[in-house]
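Close look at the chain arrangement
Each chain is listed here by its residues.
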Amino acid sequence: VSAVQMRGVEKIYHRGSTSVAALAGVDIDFERGTFTAVMGPSGSGKSTLLHCAAGLDQPTSGKVLLDGVDLTGKNETELTMLRRDRIGFIFQAFNLLPALTGEQNIVLPLELAGRKVNKARLREVVDSVGLGERVKHRPAELSGGQQQRIAIARALIAQPAVIFADEPTGALDLRTARDILSLLAQSVHQLGQTIVMVTHDPVAASYADRVVFLADGRIATEMYRPTAHAVA
Ligand code: ADP
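Looking at an unreviewed UniProt entry, one finds the protein named ABC transporter ATP-binding protein, with Actinoplanes subglobosus as its source organism.

Of regular secondary structure, the protein possesses 7 helices and 10 strands. Taken over C-alpha atoms, the radius of gyration comes to 17 Å for the protein, in line with the 17 Å a tight globule of 232 residues would show. Principal-axis analysis of the C-alpha atoms gives the protein an extent of 55 × 40 × 35 Å. Taking all 232 residues of the protein together, 47% fall into the buried category. Sequence-distant contacts, at least 24 apart, represent 67% of the contacts inside the protein between residues at least 6 apart. Carbon and sulfur atoms provide 52% of the accessible area of the protein, an area that totals close to 10,900 Å². With 25 positive and 24 negative side-chain charges, the protein shows a separation of 3 Å between the mean positions of the two kinds.

A few words now on the packing of aromatic side chains. Any two aromatic rings considered together are summarised by their centre-to-centre distance and by the angle between their planes. Under the defined criterion, the tally for this structure stands at 2 aromatic pairs. Ring plane angle 10 degrees and centroid distance 5.8 Å describe the contact between Phe 89 and Phe 91, whose orientation is recorded as stacked. Using a relative accessible area of 29% as the deciding quantity, one classes Phe 91 as partly exposed. Among the aromatic residues, those joined into a ring-pair cluster are Phe 89, Phe 91 and Phe 164.

Here Ser 42 lies in the loop between β3 (35-39) and α1 (46-53). Taking relative accessible area as the criterion, Ser 42 reaches 71% and is therefore assigned exposed. A sequence separation of 20 residues divides Ser 42 from Ala 22, and the C-alpha atoms of the two residues are 11 Å apart.

A few words now on the site of the ligand. Taken together, Tyr 13, Arg 15, Val 20, Ala 22, Pro 41, Ser 42, Gly 43, Ser 44, Gly 45, Lys 46, Ser 47 and Thr 48 form the complete shell of residues around the ligand. Residue Gly 43 places a main-chain N or O atom 2.7 Å away from an oxygen atom belonging to the ligand. Note that an oxygen atom of the ligand is positioned 2.8 Å from one of the backbone N or O atoms of Ser 47. Computed on the free molecule, the ligand has an accessible area of 560 Å², of which 65% lies beneath the protein chains in the complex. If you list the elements that add at least two residues to the shell around the ligand, you get β1 (4-15), β2 (18-30) and α1. Ranked by residues supplied to the shell around the ligand, first place goes to α1 with 3 residues.

So, how was this worked out
Residues numbered from 1 in each chain as written. Predicted model: local features only at pLDDT ≥ 70, side-chain atom pairs only at ≥ 80, totals over all residues. Heavy atoms only, no water. Helix = DSSP H or I, 4+ residues; strand = E, 2+ residues; numbered from the N terminus. Rg over C-alpha atoms; globule rule 2.2 N^0.38 Å. Buried < 20%, exposed > 50% of the residue type's maximum accessible area, 1.4 Å probe, protein only. Contact = heavy atoms within 4.5 Å. Areas by Shrake-Rupley, 256 points an atom, 1.4 Å probe, with all protein chains shown as cover. Lys, Arg positive; Asp, Glu negative; His and termini not counted. Charge placed at Lys NZ, Arg CZ, Asp CG, Glu CD. Phe/Tyr/Trp six-rings, centres within 6.5 Å; stacked < 30°, edge-to-face > 60°. Near = heavy atom within 4 Å. Polar contact = N/O pair within 3.5 Å; in protein donor to acceptor, adjacent residues only side chain to side chain.

Rendered as structure tokens:
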């Protein structure tokens, strides 16, 4: 089973008397253990695709299966539970809570879900993203790259079926961006994670093993990158 299956997904927005098809019939699978970059011009439907795939938005028609679960007809409470159990998010702006330490930010989603935080798992995740003792600091005391490492650890800790990333390196300098992208690629290849990443940046996309191009709400073309950056 694919991590995400989208079948005939349409999303229509109405503006006064006109309507816009943000997604005009999208059929795509995101296989387990793959890293896909979604590219395309502004307004081509990238955010809408990410939001529909993640159960943040309901398609107007069509079907989305997330980790084998059909999202069609689920109510907000059910969708929230599904996201909690099966999805991690990484955003351009990190979205960390400033009053909490890195470590507290990482475990917050687990605590909100009423789940026990396993100390060994926390250590493992903190080590895997290369944070070390920095994790005891609050976001304001950390660099952008360190803040994004916290956000990645937060997304990884519950071992979700899929991680959705929306321009995760948009606020980082090139060097730091490359470190973060290597980390994401590594979590796909070593931990079998599935990542779907929206990006404008060809450098970021070069770390994915598949690149999907959207145009006018449709998949215009896609390519596989057997030569994606090798992971040490
Ligand atoms: P991208 O992420 O590629 O920039 P979006 O998915 O944000 O594209 O938008 C796709 C299209 O849908 C655009 O024409 C955009 O203006 C429209 N759109 C997106 N969200 C809304 C909304 N909430 N209301 C109306 N139109 C929207």
